[in-house]
2 protein chains.
Amino acid sequence: MDKILRIDMEKRTARLEAVPARYRTMGGRWLTSSLIADEVPPTCHPLGPLNKVVIAPGIVTGTAAPTSSRLSVGGKSPLTGTIKEANAGTPFAAKLARLGIKAIVVEGQPAEADRFWIVKLTKDGASFLPAERWTGKDLHDVFPPLAREVGGGKDVATMAIGIAGEARMSAAGVCFGDLEGRPSRYAGRGGLGAVLGSKGLKGIVVDDAGAPGVEIADKEVFEGGRRKVAAALTSHAITKPKGALNTYGTAVLVNIINETGGLPTRNFREGRFEGATKVAGEAIFAGNKERTGKDVYNHACSPGCIIQCSNTWHKKDGTEHVSCVEYESDWAFGANCGIDDLDTIAELIRLCNGLGLDTIETGGALGVAMEGGACRFGDGKRAIEILTEIGKKTALGRVLGNGAATTGRVFGVVRVPGVKGQNMPAYEPRAIKGIGVTYATSTMGADHTAGYTICPEVLGVSGKVDPLDPDKAKLAQGFQQATAFLDATGHCLFIAFAVLDIAEGLAGMVEECNGVLGTAWTTDDIARLGAEILKIERAFNKAAGFSEVDDRLPEFMKREPLPPHNGVWDVPDKALDRVYRA
Amino acid sequence: MDKILRIDMEKRTARLEAVPARYRTMGGRWLTSSLIADEVPPTCHPLGPLNKVVIAPGIVTGTAAPTSSRLSVGGKSPLTGTIKEANAGTPFAAKLARLGIKAIVVEGQPAEADRFWIVKLTKDGASFLPAERWTGKDLHDVFPPLAREVGGGKDVATMAIGIAGEARMSAAGVCFGDLEGRPSRYAGRGGLGAVLGSKGLKGIVVDDAGAPGVEIADKEVFEGGRRKVAAALTSHAITKPKGALNTYGTAVLVNIINETGGLPTRNFREGRFEGATKVAGEAIFAGNKERTGKDVYNHACSPGCIIQCSNTWHKKDGTEHVSCVEYESDWAFGANCGIDDLDTIAELIRLCNGLGLDTIETGGALGVAMEGGACRFGDGKRAIEILTEIGKKTALGRVLGNGAATTGRVFGVVRVPGVKGQNMPAYEPRAIKGIGVTYATSTMGADHTAGYTICPEVLGVSGKVDPLDPDKAKLAQGFQQATAFLDATGHCLFIAFAVLDIAEGLAGMVEECNGVLGTAWTTDDIARLGAEILKIERAFNKAAGFSEVDDRLPEFMKREPLPPHNGVWDVPDKALDRVYRA
C-alpha cells in the first residue's frame, strides 16, 4: 500500500500515513498542489513554520514507463508568494516510488535556526542525522560523499539543498543527483530550496533496497501504453536516440530561437544575440569533440529514459567541466548577460549547481544587476566573481541569490522581466506571443514549462502557428492544461515533442496511468484533469491575494519595441483573462 | 486664481493650468490622492514613466491659520505599490500656497537616466537648472547653499531629494527645509523621493516674492475659525507653549509608550526597552541643558506654528548635532535597534537627514538587518557604519535603503514587522490594538499617522479606551476618516490633541476651511469628506491589485507573545474587514 511520509522538522519525527482516498489517483504536481492547497494557509509566510514542502513522484514513476523518473516538489514559493511546483528527473524519484512513498510532506520548523539535518529513508522508515558535516559546502563536495557515507556503499539516491537554500535565498532550488550522482538535476524554480532551508532539512538519502516496487493494477493495459510511448519516443526526430536532444541537448534551441528574434539578449533589451552560434548546442557538440577527441552524445538523467538529453561541457584538457549546459542555463548566463564564451557559461552554471541555485533566476538576477551597473554586459570575469559572492553570503551575493525582482528593487532597475516575482526564461514574449500568455497567466509566475507553446509557435510540433499572432489565449490554455496532467504522470515534459505529434503515443501515456491506477481515462480526460489541477492552484493563489492584475507582463514590454522585429507586447489584458475564464 | 503647475521631466517643460472645478475645494492629501487616482494607472511601475508625484499645500496653508504650513506629497509608492501620501511642515508649503499653486504635478521621465535638474519657481513661472553641482552630496551641504545660490539671497524655501532618492531607493523621502533651512522636514514615508529620482528632479526652490497670497472667500468666517483653533492650541496641555511637545518634543512619548509595554524593542521582539529613560524626551531636554547651559525649548518647523515641537540635540561642546530627534526617529534607531545612547541615535538620524531617507523605514531596515545577523542589537558603531554605506551605494547600503521588507527578503528574515511592505512605526499592535487596526487597514501600509488611535488608547485624548481591547474597528475607522480630512486642511496632525478635546477648536478648523473656500461644512462633514478621500485611495489600491488579504499584520505577531504582557495579535480578520465595509 502506498503511503505518505510526514517529516516534522520541529519535533524531528517521521511517520508513514495511509493515503487518503481523494489522493489515490494523484501523483506528481497534482498531488503536491493538492496537499499544499489542503494543508498550507495561502497567506502564510513562505519561510515561516506554516509552509510545507511536498515531494511526490509521478503516477507512473518507478515503473518501466520510459522517461518517467520525475518528481514534483511543491510548496508556497518565497520567490513568488504563489503555490509552486518544480520538477526534476532523477533516480531519487524512482526509488521513492518503489518504496511505496506517494509523497513526502516536510513540515514544521525547528525552534533553533541554522541547524540542519539529513533524513535517511529506507524500506524500514526514516531516521535523522545531524548535517553539520555537510552544510556550507559546494554541492560538488557533498553529493558523492554524502551518498557514500550515509548510504553505506549501497545504491542510494540523494536530494540536498546548497548554501543558497541554507541561507533561505529565494532563488534556491532543490538539487537531486543524476545517475552518476552529480548535483545536476534541479527542481529549480521558485525557491523551494529556501523553504527546506527554513525547516533545517539539508537533504534526504533514499535507499530502496528491498522495496516492494510500484503496484500496477492492470499489467496488460500498462504494458500496451508503455510500448506506444516508447515507440513514439524512439521515432520522433527530436526525442529519438542520436536525435536533436540526444546530440545537441536542449541547447539545440539557441540557434533556433535566436533565428526567430525571440532570444532575450542583455536583459531583454534585444531579441537576437550576435554571439548565439558560439554558445549553441552545435557549438557544445563540436567543442566537446575537439576537447575529448570523440563524438560526445548526451546521457540520461534518470533510469529508463529514451531521450537522454543531459549534456556535459569539457575543459580544454578533456575533463568534464559541468553537466548540464541546458538551453535555459546557457541562455541565462549567455545571451541574457551578453556572454558568448562557453567556458565562462559552464563555470557560472557549475557555480549555481554547487551553491544550490536555480540558473534561470540567478542568470536573470545577474542580467538585472548588469542593467543596474553592478557589472558590464559581457564581462564574464566579473560575473563569476559576483556569483561567487552568493556562496560567501555577502550583501551583493544575497541580493542576487534572492532573484531578479529583488535585484531590480535593490538597484532601482525598472526593466525587470518577471511575472509574479519570477524571472522569465529564454523566450521573448514580444517575439513569441503564446509563451507570453503562459508567462502572464501561469499559476507559477513566468514559467515556460507551464505551457510550452513554443511547440507550434516555433518548432512545428503539434501544428504550426504564427509566433507574432497575439491571439493565443486558447493555445496557452490548452498547453497549460495538458502540461498540468503531464506533470502528474511523472513523465518528462520532453515526451510532449513526440506524443503531441504521434497520437498513439499520447494514448499510450494515458494507458500507462490507467494500467497503474486501474482508472479508465481517455485522452479526452487530459484537458479535464489538467484543468482541475490548475483550478486547485489558481484557488490557492487567489486566497493568497493574487488576482488578474498579477496576470500581466511588465510595463516595459508594452512600451519598448524589441529589436530586430521591433514589436511590443500587444496581447490585450482581456485575452489574458480569458485563459482562466474560458 | 489658483493654478496647477505641471512639470514634465521628459520634455523639461512647466506650465500653469487652471484648476478643474472638481478639485476646487480640495487641498493636501485630498488633492494629491485625487490627482494620482485620476492620472496614474494603478498598475504602473512606481519608478517608470507613468507614475507621477503631486505636491499640494493644504486648504488653509499660507493663511494665518495656526500650525497649518503643511503640504502633502503623493504618488504611487515604490515601497508599497499602493497610493501614497506623505506630508511635512515647512515654509515651502506656505510659499507654494501664496503663489496660488494648488498643486505641482511632476510627470514624465527623461530618456537619459541619472541626470538631474533643479526647478526654480517664482511668481513668473518655473525654470530648469542643471543639478550636477548638487547631486551625490550630503543634504546638509545642499540645503543652505542651494537656497542661497538659486534664491539669489532672497527668502526662498527648498525641497530636495538626497543620494537615496537619486539612486531610486524605496526608503527615500522628500526633504524640505525648516525655518532655518535645515534639511529636517520630511515627507518621509513610502519612497516618493525615489519617484522624484526616477524623474530626474533633484529639487525645487520656491521664491514667493510678490505672490498674491491665498484668496479668502469669507474673511470673517475664517478669522472666527482661526481664533478658535489658536485658543485650543494655546490652552491644551500637550500643544500649548512650554507644554509637553514644546518642552520635550514628540520624544516625550518614549517613556509613556514604554510604560504601556508597547514600545517595540529589538525589531519587535519585546514591548519594553530597558534603556528607554536614557533616550526619552526628558533625557533630551536634560542633556541639552547640561551641554548648552540653558533650557532649550523647541522651535517651529514652519511659519505660524503655536505648538513648536521641533527639537534639537547638542554635542558635548554645546553645538547643534541634529534636528529633530522625533519620537519615531528616536525609537527607530533606539529601542528598535537596542541602542540607548542619544549621541549615536542623533548621528543615525543625521545620516538619514543627509542621505534623504525616511528614518522609520531605515531604522526598521536596520532592526531587520540586526535580526538577520548583519549587526548585533545595540551595536551603535556598526549601525553608523551600515548607514554610511547607503550613501556609498554599496550592495548592503542599497539593501537597507530599500527598506525593511527588502532587507528581510535579502537576509531571509521572517520577523519583518510591516504591512503592505511598509515598516511599522513605534507602537506595538500586540500591546495597543487600535493602532494595529490602523496599520492593517490603512491605504498607506503600516502608518500611525493614518489613524492615531493612540490618543484615546494611551494618552487619554478624546476619551480613554483599553489598549488591549481588540474591538477597535470602529475607532480606527473614525480616526482614519478624521485624519484624511485633517491632512486635507494643511493643519499639522498635532492640532488633533487639542481639537479632539476642545470642541470649539474642531469647529474652528472647519470654519477656517469654510472661510477660505466659501463652503458651508460643519463638523459632521469631517467624517463624510474623510471617508470620500479614503474611498478614492482604496479604489486605487484595489485596481493596483490589493485586497483584504493585504489588510493583515505579519504572521509572527499572531504567533509570538510579546513581553512583558505576552499578548499576541488577536483582532479577528473579520473585524479588520469591517473598517472599510462599515
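Looking now at the relation of the copies chain A and chain B. Mapping chain A onto chain B is achieved by rotating through 180 degrees and translating by 0.0 Å along the same axis, at an RMSD of 0.0 Å. These values place the two chain copies in the arrangement generated by a two-fold rotation axis. Considering only C-alpha atoms, the residue of chain A closest to the rotation axis is A395 of chain A, which sits at 2.8 Å.

Turning next to the pairing of strand β6 (residues 101-107) of chain A. Residues and elements named next belong to chain A. Taking burial as the measure, the 7 residues of β6 include 7 buried ones, the bulk of the element. Sheet topology note: the strand β1 (residues 3-8)/β6 ladder contains 6 bridges and is parallel. Among the inter-strand pairings, L5 is bridged to a residue of β6, identified as I104. Where strand β3 (residues 53-57) lies against β6, 3 bridges are found, and the strand directions are antiparallel. Bridging from a neighbouring strand, V54 pairs with V105 of β6.

A separate point is the environment of D114 of chain B. All names here are of chain B. Residue position: D114 is located in the loop between β6 (101-107) and β7 (117-122). Residues D114 and E215 lie 101 residues apart in sequence; the distance between their C-alpha atoms is 39 Å. For D114, the residues in contact, after removing those within four places along its chain, are E166 and R168. A polar contact is formed between the side chain of D114 and the side chain of R168, at a distance of 3.2 Å.

Take the interface of chain A and chain B next. At the junction of the two partners, chain A supplies 31 residues and chain B supplies 31 residues. Where chain A abuts chain B, roughly 2,600 Å² becomes buried across the two surfaces, and 53% of that area is made up of carbon and sulfur atoms. On the chain A side of the contact with chain B, R409, V410 and E555 of chain A bury the most area, a combined 25% of that side's loss. Our enumeration of links across chain A and chain B arrives at 14 residue pairs in polar contact (both at pLDDT 80 or more). For the side of chain A that touches chain B, the elements supplying multiple residues, two or more each, are α15 (395-401), α16 (404-411) and α23 (555-559) of chain A. Counted by class, the side of chain A that touches chain B contains 17 nonpolar, 9 polar and 5 charged residues.

Here we take up helix α1 (residues 28-39) of chain B. Along an α-helix, a turn takes 3.6 residues, which lines up residues three or four apart on a common side. Given a rise of 1.5 Å per residue, 12 residues ought to cover 16 Å, and the 17 Å separating the end C-alpha atoms of α1 of chain B matches this to within 8%. Of all 12 residues in α1 of chain B, 9 are buried, a share of seventy percent or more.

Turning our eyes to something else, we now look at the environment of G89 of chain B. Residues and elements named next belong to chain B. Among the structural elements, G89 can be located in strand β5 (residues 83-89). For the pair G89 and G490, spaced 401 residues apart in sequence, the C-alpha separation works out to 8.8 Å. Excluding residues within four positions of it along the chain, G89 makes contact with S69, R70, R185, C301 and S302.

Right, let's get into the environment of D550 of chain B. Residues and elements named next belong to chain B. The residue D550 is located in the loop between α22 (524-543) and α23 (555-559) in this model. In this structure D550 comes out as partly exposed when scored by relative accessible area, which is 23%. Dropping the residues within four chain positions of it, D550 is found in contact with V419, K420, A440 and G545. Of the polar contacts made by the side chain of D550, one reaches the backbone nitrogen of S547; its length is 2.8 Å.

The next subject is the domain arrangement of chain A. All names here are of chain A. Domain annotation of chain A identifies domain 1 (3-207), domain 2 (241-423) and domain 3 (433-581). Once you take the C-alpha centre of each, domain 1 and domain 3 turn out to be 26 Å apart. Residue-level contacts link 34 residues of domain 1 with 30 residues of domain 3. Summing the contributions of domain 1 and of domain 3, the shared interface buries around 2,700 Å²; its carbon and sulfur component is 65%. When residues of domain 1 are sorted by the area they lose upon contact with domain 3, R29, W30 and I59 head the list and together hold 29% of the total. There are 2 salt bridges connecting domain 1 and domain 3. Between the two partners, domain 1 and domain 3, sit 15 residue pairs in polar contact (both at pLDDT 80 or more). Taken together, the elements giving at least two residues each to the side of domain 1 that touches domain 3 come down to α1 (28-39), β4 (70-76) and β5 (83-89). When residues of the side of domain 1 that touches domain 3 are assigned to their parent elements, the largest contribution, 7 residues, is made by α1.

All names here are of chain A. Here we have 6 strands laid out as an open sheet, ordered β8-β7-β12-β9-β10-β11, and mixed in their pairing. Unpaired on one side and paired on the other, β8 (125-130) and β11 (185-187) mark the two borders of the sheet. Along the sheet, successive strands turn relative to each other by an average axial angle of 20 degrees, direction set aside. Taken together, the 3 bridges between strand β10 (residues 174-176) and β11 define a ladder with antiparallel strand orientation. Directly across from F176, in β11, lies its bridge partner R185.

A word on the packing of helix α19 (residues 473-489) of chain B against helix α24 (residues 573-581) of chain B. Residue and element names in this part refer to chain B. Running from N to C, α19 and α24 cross one another at 35 degrees; their axes reach a closest spacing of 9 Å. Helix-helix and strand crossings are classified by hand; for α19 and α24 the assignment is right-handed. On the side of α19, the interface is formed by A473, Q477 and Q480, while α24 contributes A575, R578, V579 and Y580. Grouping the constituent residues of the contact of α19 with α24 by class yields 4 nonpolar, 2 polar and 1 charged.

This brings us to the side chain of K95 of chain B. Looking at the secondary structure, you find K95 of chain B in helix α2 (residues 91-98). Leaving out residues up to four positions away in the same chain, K95 of chain B has contacts with D155, V156, A157, V206 and D208 of chain B.

Let's shift gears to the sheet that holds strand β1 (residues 3-8) of chain B. Residue and element names in this part refer to chain B. Strand order in the open sheet made by the 6 strands is β2-β1-β6-β3-β4-β5, with mixed pairing throughout. Either end of the sheet is taken by a strand with one partner, and the two such strands are β2 (13-18) and β5. Within the sheet, the average angular offset between the axes of one strand and its neighbour, ignoring direction, is 20 degrees. Against the sheet, α2 touches β3 (53-57), β4 (70-76) and β6, its axis set at about 85 degrees to β3.

Time to look at the pattern of salt bridges. By the definition in use, this model includes 96 salt bridges over all chains. For the salt bridge of D8 of chain A with K11 of chain A, the shortest nitrogen-to-oxygen distance reads 3.3 Å. In this structure D8 of chain A comes out as buried when scored by relative accessible area, which is 10%. The exposure class assigned to K11 of chain A is exposed, which follows from its relative accessible area of 59%. With its nearest N and O atoms 2.7 Å apart, the salt bridge here joins E17 of chain B to R6 of chain B. Taken together, the residues E17 of chain B in strand β2 and R6 of chain B in strand β1 connect sequence positions 11 residues apart. Just as E17 of chain B is buried, R6 of chain B falls in that class too. Salt bridges sharing common partners tie together R6, R15, E17, E39, K52 and E107 of chain A.

Thresholds applied
Residues numbered from 1 in each chain as written. Chains lettered and ligands numbered in written order. Predicted model: local features only at pLDDT ≥ 70, side-chain atom pairs only at ≥ 80, totals over all residues. Heavy atoms only, no water. Least-squares fit on C-alpha atoms with pLDDT ≥ 70 in both. Buried < 20%, exposed > 50% of the residue type's maximum accessible area, 1.4 Å probe, protein only. Helix = DSSP H or I, 4+ residues; strand = E, 2+ residues; numbered from the N terminus. Pairing = 2+ DSSP bridges. Contact = heavy atoms within 4.5 Å. Polar contact = N/O pair within 3.5 Å; in protein donor to acceptor, adjacent residues only side chain to side chain. Buried area = accessible area lost by both parts, 1.4 Å probe. Nonpolar A, V, L, I, M, F, W, Y, C, P; charged D, E, K, R; others polar. Expected span 1.5 Å × (residues − 1). Domains from an automatic or database assignment. Salt bridge = Lys/Arg side-chain N within 4 Å of Asp/Glu carboxyl O. Axes fitted to C-alpha atoms, helices over the stretch in contact; angles between N-to-C directions. Left-handed = near helix turned anticlockwise from the far one by under 90°.

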